[in-house]
Amino acid sequence: MLIRIGTTDFPLPQPPQVLEVGFGDGRFTAQIARLYPEWQILGVEISAGSVARALKRFRREGIGNVQVYHGTAGFALRNLVAPRSLRRVYVNFPDPWPKSKHQENRLLQQSFFRRLSTRLAEGGELLLTTDHEEYWRFAQAEGLASGLFELKTPPPPDFHLTTKYALKWKAQGRPFYHAVFRKTAEDPTPWPPLPRYPMPHALLSGTLPDLKHFEKTVVRFEGGTAVLLEATRALGPEGGYYFHTHLEEEDLIQDVLLEARPSAHGLYVGIGRFGAPLSTAGVRAAVEWLVGWLEGQGLRVIQRSY
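Not measured: the values here are computed from a predicted model.

Analysis parameters
- Residues numbered from 1 in each chain as written.
- Predicted model: local features only at pLDDT ≥ 70, side-chain atom pairs only at ≥ 80, totals over all residues.
- Heavy atoms only, no water.
- Core = buried A, V, L, I, M, F, W, Y, C linked by side-chain atoms within 4.5 Å.
- Buried < 20%, exposed > 50% of the residue type's maximum accessible area, 1.4 Å probe, protein only.
- Helix = DSSP H or I, 4+ residues; strand = E, 2+ residues; numbered from the N terminus.
- Contact = heavy atoms within 4.5 Å.
- Phe/Tyr/Trp six-rings, centres within 6.5 Å; stacked < 30°, edge-to-face > 60°.
- Lys NZ or Arg CZ within 6 Å of the ring centre and 35° of its normal.
- Polar contact = N/O pair within 3.5 Å; in protein donor to acceptor, adjacent residues only side chain to side chain.

Enquirer: Please explain the nonpolar core as it appears in this structure.
Expert: Side chains of a nonpolar character, in soluble globular proteins, are inclined to be buried together. If you look at the biggest cluster of nonpolar residues, it comprises 34 residues, and the most contacted ones within it are Val89, Leu108 and Leu126. Of all elements in the fold, only strand S2 (18-21), strand S3 (41-45), helix H3 (73-80), strand S5 (86-92), helix H4 (110-119), strand S6 (120-130), helix H5 (133-145) and strand S8 (177-183) reach the threshold of two or more residues within this core. At 5 residues, the largest contribution of residues to this core is made by H3. Once residues within four sequence positions are removed from consideration, Val89 is found in contact with Leu19, Val21, Leu116, Leu120, Glu125, Leu126 and Leu127. If you look at the next biggest cluster of nonpolar residues, it comprises 27 residues, including Leu204, Val256, Val283 and Val301.

Here it is in structure tokens:
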């Protein structure tokens with residue numbers, strides 16, 4: 001069964017055995033899906049355009065054993081993959097983030113290998129193919145430093161060089177590099193899925209202030225940061241305000257709209273449903289701060305739900 005998964009739709013209906021990170025237009029994914037029809041494959045891609053193109057390809061070619069997630073690899077690995085369930089992970093031509101000041105953005109760091117070890121079955125493997133020699137060496141050092149993988153560096157299999165970028169760079173005569181990381185041990189640190197909470201909200205009495213100016217505010221909470229960036233007056237007769245909020249939590253980054261608006265029972269303060277947000281500890285912290293800030297403007301809390 002082929003599905004497109006949003007951030008609110010976990011867990012998967014069929015647990016994946018194989019994960020591909022950054023599948024691009026999906027041609028490599030489709031190839032391994034046809035070669036191994038018994039595999040359940042989860043493809044993870046951060047580009048919405050690539051997701052759309054890959055889904056179109058899978059439907060056109062009748063691929064039925066691929067499930068697709070639009071988002072980051074860390075979130076997918078943590079929340080969509082059961083412990084010790086993966087046989088194999090493919091990482092083809094990841095962004096090398098070549099500038100030294102950007103290297104913290106690279107996927108294949110020691111922390112990723114440690115967490116991956118909890119999701120790989122015994123003897124499970126990560127296969128890396130890249131045209132970037134420095135990143136290839138960096139990934140080897142990070143994987144070995146975890147103490148949880150053994151390493152081999154054979155030539156890349158021919159069918160790994162059939163991706164969009166591989167075909168382009170093969171025509172340019174670029175060399176390619178390959179590494180196989182095989183799990184030999186498992187990180188003991190617990191890494192459960194992110195907890196989900198009921199949508200936090202509150203009812204207040206009083207009159208919303210006329211916000212001619214709202215100063216950006218940083219709210220720190222255990223595990224992350226919420227930044228309330230700006231307030232925008234809502235259109236329509238009811239009025240109210242939207243508060244654009246940027247949230248960074250472990251393995252999850254999201255932008256959400258908090259809202260403060262009149263309702264039949266009082267002034268409602270909570271999270272808007274724009275963009276299908278996940279209700280996390282960060283959302284709860286942001287709503288709690290906003291309620292407290294409105295209390296400071298003279299409003300009174302009637303009911304809290306957080």
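Enquirer: Looking at this model, I keep getting lost on the packing of aromatic side chains. Mind explaining?
Expert: Two aromatic rings, taken as a pair, are described by how far apart their centres are and by the angle between their planes. Under the definition given, this model contains 14 aromatic pairs. Both rings, one in Phe214 and one in Phe243, keep their centres 5.4 Å apart while their planes meet at 70°; by these two values the pair is edge-to-face. Here Phe243 lies in strand S12 (residues 241-249) and Phe214 lies in the loop between strand S9 (201-205) and strand S10 (217-221), a separation of 29 residues in the sequence. Overall, Phe214 belongs to the buried group, its relative accessible area being 12%. Pairwise contacts between aromatic rings join Phe112, Phe113, Phe149 and Phe181 into one cluster. Across from the ring centre of Phe138, 4.7 Å away, lies the NZ or CZ of Arg106, which sits over that ring. Sitting over the ring of Tyr197, Arg284 keeps its end group 4.2 Å from the ring centre.

Enquirer: What's the story with unusual backbone geometry in this structure? I'm lost.
Expert: In terms of backbone geometry, most residues other than glycine have negative phi values and most peptide bonds are trans. Within the chain, Arg84 stands out as a residue other than glycine whose phi angle is a positive 55°. Within the secondary structure, Arg84 sits in the loop between H3 and S5. Even without a glycine there, the phi angle at Trp97 is positive, about 40°. By the secondary structure assignment, Trp97 is in the loop between S5 and H4.

Enquirer: Whenever I open this one, the side chain of Asp251 confuses me. Can you help?
Expert: Structurally, Asp251 is set in the loop between S12 and strand S13 (252-263). A distance of 3.2 Å separates the side chain of Asp251 from the side chain of Arg115, its partner in a polar contact. When residues no more than four places from it in sequence are discounted, the contact partners of Asp251 are Thr72, Gly74, Phe75, Arg78, Arg115 and Trp191.

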